[in-house]
Amino acid sequence: RRDMGRNLKQQSIMATKSVSVLLDDANGHVEPLYMGSCILDRLGYNYTDRVELSFTFDQTASTITLAPADTHCKDPVTLISEHARECPGRWLKSDNAVLQQVLSQKAPVRLGVVVLLQNYQDQILLTRRSKTLSTFPGAWVLPGGHIDANESLEDGAAREVLEETGLTISTNELKAFALWESFYPPLLSMGLPRRQHVVLFFRARVHDVSTLKLQPDEVDAAAWLSATQLAQALCSEGPDDIFEAIVPTPLSADDDRGSTLIRQPMSFNCLYGSALNQFGGGIAHGHRFGLREWTAQARARTSAL
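Procedures and definitions
- Chains are numbered independently. Their residues run from 1 in the order of the written sequence.
- Restriction of local features to residues with pLDDT of at least 70 applies here, the model being predicted, together with a cutoff of 80 or more for giving and counting side-chain atom pairs; totals for whole chains, interfaces and linings are based on all residues.
- Working from all heavy atoms in the structure, the side-chain values ignore hydrogens and water.
- Definition of nonpolar core: a set of buried residues of the types Ala, Val, Leu, Ile, Met, Phe, Trp, Tyr and Cys, connected through side-chain atoms within 4.5 Å.
- Residue burial is assigned from relative accessible area. The probe radius is 1.4 Å, only protein chains are included, and a residue is buried under 20% of its type maximum, exposed over 50%, and partly exposed in between.
- Any pair of residues with heavy atoms lying within 4.5 Å of one another is described as a contacting pair.
- Secondary structure elements are defined from DSSP: runs of H or I of at least 4 residues count as helices, runs of E of at least 2 residues count as strands, and each element is numbered from the N terminus.
- The span expected for a helix works out to 1.5 Å for each residue beyond the first.
- Residue-level confidence of the predictor, termed pLDDT, takes values from 0 up to 100.
- Any residue with an atom within 4 Å of a point lines the site, the site being either a cavity, points on a 1 Å grid over the protein atoms alone where a 1.4 Å probe fits but cannot get out, or a pocket, an open set with protein on both sides within 12 Å along at least 5 of 7 lines.
- Grid points are joined across faces, edges and corners, and a volume is the space filled by probe spheres set on the points.
- Ten residue types, Ala, Val, Leu, Ile, Met, Phe, Trp, Tyr, Cys and Pro, are classed as nonpolar, four, Asp, Glu, Lys and Arg, as charged, and the remainder, Gly among them, as polar.

Trainee: I tried to follow the nonpolar core on my own but got confused; where do I start?
Mentor: A general trend in soluble globular proteins is that nonpolar side chains are found buried together. In this structure, L66, L111, V115, I169 and L200 are the most contacted members of the largest nonpolar core, which totals 42 residues. Setting aside its immediate chain neighbours within four residues, I169 contacts V115, L117, A158, V161, L174, A204, R205 and V206. If you look at the next biggest cluster of nonpolar residues, it comprises 32 residues, including A221, V247, Y272 and A298.

Dropping the structure here:
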């Protein structure tokens, strides 16, 4: 309980410098979201895991407001939205005492952005989270992070990509395509929620991949995957094939570059299934959703040509 209190105090401090997530129930009632309750349930989608939601973003006020897709609000963006079938917020409803304990902490839901980066060879960049991170250590994900107060969604997404990968993207090319409700831990069997995020997925082209430089505190490997490799990686299991990863390697103490990147073969076993799989890897559940949704939308765009 003491650790939970310390963790929530840290979240409260961080939240003062981040974006507030609000909920509009379509009846004119707008309120802040606190960790513990399922967003889809709060909006009336009690028996489904996939819906269309709208959002409006106010950069000046540093707020993002979520609402049902048919809500009449100014300049909404409507996206396919999902959460895990085992969403902790939905299952917490079965134990009201525990739910109220979590909600009473008033830990704010935070906004995250991730970016699906596509290079000139139409490969997609996946990164592996450092094993020292407090959430989803060792999981393979798309690069991203939090939006700072008074920062636009596009500026924040581009900043996070630059910080984690050294790659520069144009904010004009960023297109939002999906939304995910994330809890950590992702299952109640792993403990009560300690983090809850609304995650926006963007896509963008990378025109210069030569500047790739991984931030070692957050990223300890990366890989450019072709469409065929990505389809294989999104399977729950498969053959023990090899893909080429990019791994930072320390240099000598007198070399001010700190580290260099080397190419290293890795087994697809570290990608199969949701993180963390039996090999200590896997693609994070929400990012698997984002990758599948991008694949489906890309096929639809191609079919429409």
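Trainee: Explain the environment of R299 here, please?
Mentor: In this structure, R299 sits in helix α7 (residues 285-304). Overall, the relative accessible area of 58% leaves R299 in the exposed class. Between the C-alpha atoms of R299 and P137, which are 162 residues apart in sequence, the distance is 32 Å.

Trainee: Can you help me understand helix α5 (residues 153-165) in this one?
Mentor: Residues spaced three or four apart along an α-helix point in a common direction, a consequence of the helix completing one turn every 3.6 residues. Its 13 residues give α5 an end-to-end C-alpha distance of 18 Å, which sits within 8% of 18 Å, the value for a rise of 1.5 Å per residue. The complete set of buried residues in α5 reads L153, G156, A157, A158, R159, E160, V161, E164 and T165. Looking at the buried residues of α5, the elements they touch are β3 (50-58), β6 (110-118), β7 (124-129), β9 (144-146), β11 (195-205) and β12 (219-225). Looking one or two residues beyond α5, the residue adopting positive phi is G166, at roughly 75°.

Trainee: Can you help me understand the confidence of the model for the chain in this one?
Mentor: When pLDDT is low, close inspection of the predicted coordinates is not appropriate. Residues at a pLDDT of 70 or more form 92% of the chain, whose mean pLDDT is 89. Low pLDDT, under 50, characterises residues 1-16; the stretch is placed with 15 contacts to residues that sit more than four places away or in other chains.

Trainee: Honestly, the layout of surface pockets in this entry has me stumped. Any pointers?
Mentor: When its volume is computed, the largest pocket comes out at roughly 900 Å³. Together, 40 residues line the largest pocket, and R129, T135, F136, H146 and H197 are the ones closest to its centre. Listed by contribution, the elements that provide at least two residues to the lining of the largest pocket are β6, β7, β9, α5, β10 (175-184), β11 and α7. The element best represented in the lining of the largest pocket is β10, accounting for 5 residues. Per-class residue counts for the lining of the largest pocket are 20 nonpolar, 12 polar and 8 charged.

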